[in-house]
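Remarks on the overall topology
Take a look at the letters that make up each chain.
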Amino acid sequence: MAKIKIENIVASTSFNKELDLGRIAASVDGAEYKPKHFPGLVYKLKEPKTAMLLFRSGKIVCTGAKSLKDVKTAIELITKNMGKAGVKVAKKPRIVVQNIVASSDLNAELNLNAIAISLGLEKVEYEPEQFPGLVYRVSKPKVVVLLFGSGKLVCTGAKKAKDVEIAVDKITEELKASGLL
């Protein structure tokens, strides 16, 4: 099986209450709130290296995490800091993974023209004049895999790390079965 590296996890949660972003920005170190440029408060953490976007509605988006553990740690930290800022929120808000982006390398050059023909037009988009990669849509799990001539690939749209593994295994097997890998 190809080695898979998670590049980014985007997850969301909610404090289920309206937030005073100006007050939070004033009392939480590292928080940045410029409502003329962006409607949310941006809170960057150094460890784990993530960015949290807090919105007035109480919704929070965590981005930049490399693991689910990092997502949980980042949300625990913002929850703790909200308490320090005098904002009472649920200690363990429900976290929903929105997207996992991962990369891998098939360790072989790929003929994207042959792959586009072999895998069929209903699953594939390949317009090298527009974008150097082949876009392959996997139906189960529902993810998109970008294949490049170098053999590198990017998988996006996964909700679980296991979905990435399944998709990479699936594309590897299809390419081997077609004699393209």
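The following paragraphs examine the structure supplied in this document. What you are looking at is a predicted structure, and each value in this text was computed from that prediction instead of being measured.

**Examining the pairing of strand E3 (residues 41-45)**
Burial analysis of E3 places four of its five residues in the buried class, the great majority of the element. Taken together, the three bridges between strand E2 (residues 31-33) and E3 define a ladder with antiparallel strand orientation. In the strand pairing of E3, Ala31 is matched with Tyr43. Where E3 lies against strand E4 (residues 50-54), five bridges are found, and the strand directions are antiparallel. Within E4, the position partnered with Leu45 by the bridge is Thr50. Adjacent in sequence and paired antiparallel, E3 and E4 are bridged by four residues.

**Focus: the side chain of Ser103**
Mapped onto the elements, Ser103 comes out in strand E6 (residues 96-105). Polar side-chain contacts of Ser103 include one of 2.5 Å to the side chain of Glu7. Look past the residues within four positions of Ser103 in its chain and what remains in contact with it is Lys3, Ile4, Lys5, Glu7, Leu153 and Val154.

**Focus: the packing of aromatic side chains**
We describe a pair of aromatic rings using the distance from one ring centre to the other and the angle between the two ring planes. The full count for this structure, using the stated rule, is two aromatic pairs. Summarising the aromatic geometry, the rings of Phe131 and Phe148 are spaced 5.8 Å apart at their centres and angled 65° between planes, so their arrangement reads as edge-to-face. Taken together, the residues span a long stretch of sequence, with Phe131 in the loop between strand E7 (124-125) and strand E8 (134-138) and Phe148 in the loop between strand E9 (143-147) and strand E10 (152-158) at a distance of 17 residues. Looking at Phe131, the relative accessible area reads 34%, which means it is partly exposed.

**Focus: the environment of Leu180**
Its location among the elements puts Leu180 in the segment after helix H4 (161-177). Put simply, Leu180 and Leu147 are 33 residues apart on the chain and 13 Å apart in space, counted from C-alpha to C-alpha. If we skip the residues at most four places from it in the chain, Leu180 touches Leu110, Ala114, Ile115, Ser118 and Leu175.

**Observations regarding H4**
Compared with an ideal rise of 1.5 Å per residue, which puts 17 residues at 24 Å, H4 spans 25 Å between its outermost C-alpha atoms and is within 8% of the ideal. Restricting attention to buried positions, one finds in H4 the residues Asp163, Val164, Ala167, Val168, Ile171, Thr172 and Leu175. One face of H4 carries all of its buried residues, which in axial projection span an arc of 165°. Against the buried residues of H4 lie strand E1 (4-14), E6, helix H3 (112-119), E8, E9 and E10.

**Comments concerning the sheet that holds E8**
Ordered in space as E2-E3-E4-E5-E1-E6-E10-E9-E8-E7, the ten strands form an open sheet in which the pairing is antiparallel. Since the sheet does not close on itself, it has two edges, and those belong to E2 and E7, each with one partner. Pairing analysis gives five bridges linking E8 to E9, with the strands arranged antiparallel. Note on E9: the bridge partner recorded for Val135 is Leu146. Contacting E1, E3, E4, strand E5 (59-65) and E6, helix H2 (residues 68-84) crosses the sheet at an angle of about 50° to E4. Across the sheet, H4 is in contact with E1, E6, E8, E9 and E10; its angle to E10 comes to roughly 135°.

**Focus: unusual backbone geometry**
Along the chain, Glu47 connects to Pro48 via a cis peptide bond; the corresponding omega equals -5°. Secondary-structure assignment places Pro48 in the loop between E3 and E4. That bond from Lys140 to Pro141 is cis: its omega, -5°, falls within 30 degrees of zero. Mapping Pro141 onto the fold places it in the loop between E8 and E9. Located in the positive-phi region is Asn16, a residue other than glycine, with phi close to 55°. Along the polypeptide, Asn16 turns up in the loop between E1 and helix H1 (21-27). The class for Asn16 is exposed, based on a relative accessible area of 68%. A positive phi angle, near 55°, is found at Asn107, a position not held by glycine. Checked against the element boundaries, Asn107 lands in the loop between E6 and H3.

Definitions and cut-offs
Residues numbered from 1 in each chain as written. Predicted model: local features only at pLDDT ≥ 70, side-chain atom pairs only at ≥ 80, totals over all residues. Heavy atoms only, no water. Buried < 20%, exposed > 50% of the residue type's maximum accessible area, 1.4 Å probe, protein only. Helix = DSSP H or I, 4+ residues; strand = E, 2+ residues; numbered from the N terminus. Pairing = 2+ DSSP bridges. Polar contact = N/O pair within 3.5 Å; in protein donor to acceptor, adjacent residues only side chain to side chain. Contact = heavy atoms within 4.5 Å. Phe/Tyr/Trp six-rings, centres within 6.5 Å; stacked < 30°, edge-to-face > 60°. Expected span 1.5 Å × (residues − 1). Arc of directions from axis to C-beta. Axes fitted to C-alpha atoms, helices over the stretch in contact; angles between N-to-C directions.

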